[in-house]
Amino acid sequence: MKKPVLVILAAGMGSRYGGLKQIDTVGNNGESIIDFSIYDAHEAGFEKVVLIIRKEHEEAFKQCLTDKVSKHMEVEFAYQDINDVPSGITVPEGREKPWGTTHALLACKNLDAPFAICNADDYYGKDSFKVIYDFLSNEVSDDNYGMVGYLCNNTLTDNGTVTRGVCEKEDGYLTKIVEIQKIARNDQGKPIFEENGEWKPLSEDAVVSMNFWGFTPKILKDCQEIFDDFIRKGIEENPMKCEHVLPTAVGQLVKEGKCKVKVMSSADHWFGVTYKEDKPGVVQKLQECKDKGLYPFDLWK
């Protein structure tokens, strides 16, 4: 089996954040969250990273990230292109929003090794990368995928609502995943979600997907079929905003019995930057990590 590869979703527009948050500085030596993720992945054993970006952002990624990282890791770019759609589909005039993370994954058509995929703007922690690397090295197969799950209460922000894939599992394997778009905290700090205009409680112990998956290249064929079916309907129903996301794709594959998904947990705490207001807290937490000796001052020296 070929060595596992790390794939990072970094083509989002950052509309809620107000800028290109994937490479926004959060570390005291000019690092972005993605720097820390690649560093942790390298320590876990990964030797290659594929960054899914928009073509127009390539130079910015080179200057801020990959010129440093490429001395330690093999780096490739894959490009999510809004015009990369099935034949017969016309992209609506004025549409700028990408087609979602399922479509983003399809930019990696040349993957030929088991791979982990995660978000650029989420800090997953060292243990999470060790867990997924071990899974990809020893357990993954074309019908046995994996995910690192987090407790919902540990993945919320105080600065607005978030979208999470809420999971159900049995005997350690995913049975169902539902993408909930508006999850927040109530006045007591407990998780709640909006449904049909009404706010309802959500278990603090609910396991959620933070888009940290372990796959084989077979997922590309499966997701291509799912996306092709989706976009033909979506382009009619919501042409400017429709998108398809990985948790929904994986949930469909599980429901149809095409794969199993092992749900793994990590000892680490997640944190990330959904909103600009989240940044000071992330800066503080990463500085604490450096103060504890978990990271050197210069990650890529």
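Here the structure is a predicted model, which means the values were calculated and not measured.

Student: Please clarify how the packing of aromatic side chains should be interpreted in this entry.
Tutor: Each aromatic ring pair is characterised by the separation of its centres together with the angle its planes make. Enumeration over the complete set of coordinates arrives at 14 aromatic pairs. Summarising the aromatic geometry, the rings of Tyr-124 and Phe-129 are spaced 6.3 Å apart at their centres and angled 85° between planes, so their arrangement reads as edge-to-face. Owing to a relative accessible area of 0%, Phe-129 belongs among the buried residues under this scheme. Taking the centre distance of 4.5 Å and the plane angle of 40° together, the rings of Tyr-124 and Phe-212 count as tilted. Of this pair, Tyr-124 sits in the loop between strand 5 (122-123) and helix 4 (126-138) while Phe-212 sits in strand 11 (residues 207-215), placing them 88 residues apart in sequence. Overall, Tyr-124 belongs to the buried group, its relative accessible area being 0%.

Student: How should I be thinking about the environment of Asn-144 in this particular structure?
Tutor: Residue position: Asn-144 is located in strand 6 (residues 144-151). Once the C-alpha coordinates of Asn-144 and Lys-258 are considered, the two residues, 114 residues apart in sequence, prove to be 9.3 Å apart. The contact partners of Asn-144, leaving out residues within four places of it in the chain, are Phe-135, Glu-139, Tyr-173 and Lys-260. Polar contacts involving the side chain of Asn-144 include one to the main-chain carbonyl oxygen of Glu-139, which spans 3.2 Å.

Student: How do you make sense of the packing of helix 1 (residues 33-44) against helix 4 when you look at a structure like this?
Tutor: The contact between helix 1 and helix 4 brings their axes to 8 Å, and the two run at 45°. By the criterion of interaxial angle, the relationship of helix 1 to helix 4 is oblique. Relative to helix 4, helix 1 is oriented so that their crossing is right-handed. Residues Ser-37, Tyr-39, Asp-40, Ala-41, Glu-43 and Ala-44 of helix 1 pack against Lys-126, Phe-129, Lys-130 and Tyr-133 of helix 4. Grouping the constituent residues of the contact of helix 1 with helix 4 by class yields five nonpolar, one polar and four charged.

Student: Teacher, can you tell me more about the pairing of strand 2 (residues 48-53) here?
Tutor: In regular strands, side chains alternate between the two faces of the sheet. A large share of strand 2 lies buried, amounting to five of its six residues. The sheet contact formed by strand 2 and strand 3 (residues 74-79) spans six bridges and is parallel. Within the sheet, the bridge partner assigned to Ile-52 lies in strand 3 and is Ala-78.

Student: What should I look at first to understand helix 5 (residues 218-237) in this one?
Tutor: For the α-helix, the turn length of 3.6 residues means that residues three or four positions removed from each other point alike. Look at helix 5: 29 Å from first C-alpha to last across 20 residues, which is about the 28 Å you get at 1.5 Å a residue. Bending of helix 5 peaks at approximately 25° at the position of Ile-231. Those residues of helix 5 that sit buried are Ile-219, Leu-220, Asp-222, Cys-223, Ile-226, Phe-227, Asp-228, Phe-230, Ile-231, Gly-234 and Ile-235.

Student: In this structure, what is going on with the layout of surface pockets? I would like to understand it.
Tutor: It is the rolling of a water-molecule-sized probe over the atoms that shows where space remains empty. Of the voids in this model, the second largest pocket is the one considered here, and its volume is about 500 Å³. His-269, Trp-270, Phe-271, Gly-272 and Lys-285 are the residues nearest the centre of the second largest pocket, which is lined by 27 residues in total. Those elements that provide at least two residues to the lining of the second largest pocket are strand 13 (271-272) and helix 7 (279-291). Sort the elements by how many residues they give to the lining of the second largest pocket and helix 7 lands first, with five residues.

Student: Sorry, what's going on with the side chain of Gln-80 here?
Tutor: By the element assignment, Gln-80 lies in the loop between strand 3 and helix 3 (101-105). Only 3.1 Å separates the side chain of Gln-80 from the side chain of His-103, close enough to count as a polar contact. Excluding its chain neighbours within four sequence positions, the residues that come into contact with Gln-80 are Ala-11, Ile-52, Ile-53, Arg-54, Pro-98, Trp-99, Gly-100, His-103, Ala-104 and Ala-107.

Student: Before we go on, may I ask you to explain the pattern of salt bridges in this structure?
Tutor: A pair can form between side chains of opposite charge whenever their charged atoms are brought close. Inspection of every chain in the model, using the stated rule, returns 22 salt bridges. The residue Asp-40 makes a salt bridge to Lys-126 at a minimum N-O spacing of 3.1 Å. Of this pair, Asp-40 sits in helix 1 while Lys-126 is found in helix 4, placing the two residues 86 residues apart along the sequence. Here Glu-243 makes a salt bridge to Lys-97, at a shortest N to O gap of 3.8 Å. Of this pair, Glu-243 sits in the loop between helix 5 and helix 6 (246-255) while Lys-97 sits in the loop between strand 3 and helix 3; the two residues are 146 residues apart in sequence, bridging distant segments of the chain. For Lys-97, a relative accessible area of 30% corresponds to the partly exposed category.

Rules and cut-offs
- Residues numbered from 1 in each chain as written.
- Predicted model: local features only at pLDDT ≥ 70, side-chain atom pairs only at ≥ 80, totals over all residues.
- Heavy atoms only, no water.
- Phe/Tyr/Trp six-rings, centres within 6.5 Å; stacked < 30°, edge-to-face > 60°.
- Buried < 20%, exposed > 50% of the residue type's maximum accessible area, 1.4 Å probe, protein only.
- Helix = DSSP H or I, 4+ residues; strand = E, 2+ residues; numbered from the N terminus.
- Contact = heavy atoms within 4.5 Å.
- Polar contact = N/O pair within 3.5 Å; in protein donor to acceptor, adjacent residues only side chain to side chain.
- Axes fitted to C-alpha atoms, helices over the stretch in contact; angles between N-to-C directions.
- Parallel < 35°, antiparallel > 145°, perpendicular 65-115°, else oblique.
- Left-handed = near helix turned anticlockwise from the far one by under 90°.
- Nonpolar A, V, L, I, M, F, W, Y, C, P; charged D, E, K, R; others polar.
- Pairing = 2+ DSSP bridges.
- Expected span 1.5 Å × (residues − 1).
- Bend = angle between axes of the 7 residues up to and from the residue.
- 1 Å grid on protein atoms, 1.4 Å probe; cavity = no way out; pocket = protein on both sides within 12 Å on 5 of 7 lines; lining within 4 Å.
- Points joined across faces, edges and corners; volume = space filled by probe spheres on them.
- Salt bridge = Lys/Arg side-chain N within 4 Å of Asp/Glu carboxyl O.

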